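# Analysis of the macromolecular model
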Amino acid sequence: MRTYIIPVLFMLMNNITMRAQDIYKKFFLDNSVVAHRGAWKTKGIPQNSIESLREAIRMGCAGTEFDVHMTADSAFVLCHDNSYSGKTIEKHTYAELAETKLPNGEAVPTLEKALMEGMKQTDTRLFLEIKPSSTTERTVLSAEKIVQTVSEMGAQPWVFYISFDYDAIKRVKQLVSSSVVAYLGGNILPGQLKKDRITGLDYNHSVFKKDSSVIKDARELGLSLNVWTVNSDEDMDLFLRHDVDYITTDEPELLLSKKK
Ligand code: MG
């Protein structure tokens with residue numbers, strides 16, 4: 001009897017989340033601009049900080065991206081590299097990492113803090129990158145705990161999951177079937193992504209430039225298209241012409257100015 005309870009609970013959770021995502025869909029901006037690690041460059045704000053997340057929201061980006069690693073004590077921090085201030089994140093506790101502040105005086109942000117900040121508004125989505133750990137098992141465990149945190153905080157409508165780790169995003173989709181999950185690696189064709197129930201491609205611009213049929217195939221299969229990291233004027237124009245869903249950039253001001 002008990003074995004049926006968990007799947008039934010998951011089904012109910014998924015249905016509720018799906019409805020919530022439909023309700024929230026109309027609130028988010030549709031300008032295709034995703035600030036890469038937040039909006040940091042112009043004002044010299046630290047990447048992956050709460051301030052850079054706020055700045056992306058203030059500017060009116062449709063999305064802001066951040067990188068998430070799991071610490072030794074299963075906390076989650078925003079950081080691009082797998083080490084912070086010379087400490088390997090997965091080998092140190094959050095308290096040890098928080099001994100060093102970001103250059104703007106912030107403590108290294110936790111995932112909870114970033115989600116809380118994002119949930120204060122409904123213009124800008126949160127592109128949450130699940131960073132790989134030293135083993136696939138730990139990366140998948142990290143994905144499971146991230147999904148749990150997002151669900152518990154009711155942040156699901158804000159979050160799009162992205163990762164270079166294929167197992168991690170497949171696991172996210174398995175846990176919450178309504179999740180939006182995109183693969184970053186660039187080496188899997190749209191047909192296979194569709195088979196694996198991945199909802200989108202988030203590939204480096206070179207992949208699409210090399211073979212633009214990937215864009216056409218993805219579209220035909222109803223997959224979302226995001227391209228990274230597009231910083232030049234020329235490349236922005238190219239991908240705006242391709243009308244991809246999202247363009248991830250370190251230069252959100254420039255891209256936003258083209259969309260007006
Ligand atoms: Mg990233």
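Heads up: the structure comes first, above all this text.
My aim in this report is to walk through the structure given alongside it, one point at a time. Note that the structure is a prediction, hence the values are computed from the model and not measured.

### A look at the pattern of salt bridges
All told, the structure shown has 14 salt bridges when counted by the stated rule. As a salt-bridge pair, Glu90 and Arg138 come within 3.8 Å of each other at their nearest N and O atoms. A residue pair is termed long-range when its members are at least 10 positions apart, and Glu90 in the loop between β5 (87-88) and α3 (94-97) and Arg138 in helix α5 (residues 136-152) qualify at 48 residues. One salt bridge connects Arg171 with Glu144, and the closest N-O pair in it is separated by 2.6 Å.

### Focus on helix α6 (residues 166-175)
Count 3.6 residues to each turn of an α-helix, and residues three or four apart come out pointing the same way. All of the buried residues in α6 are Tyr166, Ala168, Ile169, Val172, Lys173 and Leu175. The backbone nitrogen of Asp167 has a side-chain oxygen 3.1 Å away, supplied by the residue at the start of α6, namely Asp165.

### So, the coordination of the magnesium ion
Taken together, Glu65 (OE), Asp67 (OD) and Glu129 (OE) make up the protein donors of the magnesium ion, found 2.0 to 2.1 Å from the metal. One chain supplies every donor to the magnesium ion, and in sequence these donors are spaced E-x1-D-x61-E. Here Glu129 lies in strand β6 (residues 125-130) and Asp67 lies in strand β2 (residues 63-70), a separation of 62 residues in the sequence. Each member of the pair, Asp67 as well as Glu129, carries the same accessibility label: buried.

### Regarding the pairing of β6
A large share of β6 lies buried, amounting to six of its six residues. On β6, burial covers both faces: Arg125, Phe127 and Glu129 on one face and Leu126, Leu128 and Ile130 on the other are all buried. Direction of pairing for β2 relative to β6: parallel, over a ladder of six bridges. Paired with Gly63 across the bridge in β6 is Arg125. Pairing of β6 with strand β7 (residues 159-163), which is carried by four bridges, proceeds in the parallel orientation. Across the sheet, the residue bridging to Leu128 is Tyr161, located in β7. One crossover worth recording links β6 to the parallel β7 by way of α5, and it is right-handed.

### Quick notes on the packing of helix α2 (residues 50-59) against helix α4 (residues 111-118)
Two numbers describe how α2 lies on α4: the axes approach to 10 Å, and their chain directions differ by 20°. Accordingly, the angle class assigned to the pair α2 and α4 is roughly parallel. Considering only the axes of α2 and α4, their crossing is right-handed. Contact residues: α2 offers Ile50, Leu53, Arg54 and Ile57, while α4 offers Lys113, Ala114, Glu117 and Gly118.

Conventions we followed
Residues numbered from 1 in each chain as written. Predicted model: local features only at pLDDT ≥ 70, side-chain atom pairs only at ≥ 80, totals over all residues. Heavy atoms only, no water. Salt bridge = Lys/Arg side-chain N within 4 Å of Asp/Glu carboxyl O. Helix = DSSP H or I, 4+ residues; strand = E, 2+ residues; numbered from the N terminus. Buried < 20%, exposed > 50% of the residue type's maximum accessible area, 1.4 Å probe, protein only. Polar contact = N/O pair within 3.5 Å; in protein donor to acceptor, adjacent residues only side chain to side chain. Donors = N, O, S within 2.8 Å, 3.2 Å for Na, K, Ca; no water. Pairing = 2+ DSSP bridges. Right-handed = clockwise from strand over helix to strand, strands pointing away. Axes fitted to C-alpha atoms, helices over the stretch in contact; angles between N-to-C directions. Parallel < 35°, antiparallel > 145°, perpendicular 65-115°, else oblique. Left-handed = near helix turned anticlockwise from the far one by under 90°. Contact = heavy atoms within 4.5 Å.

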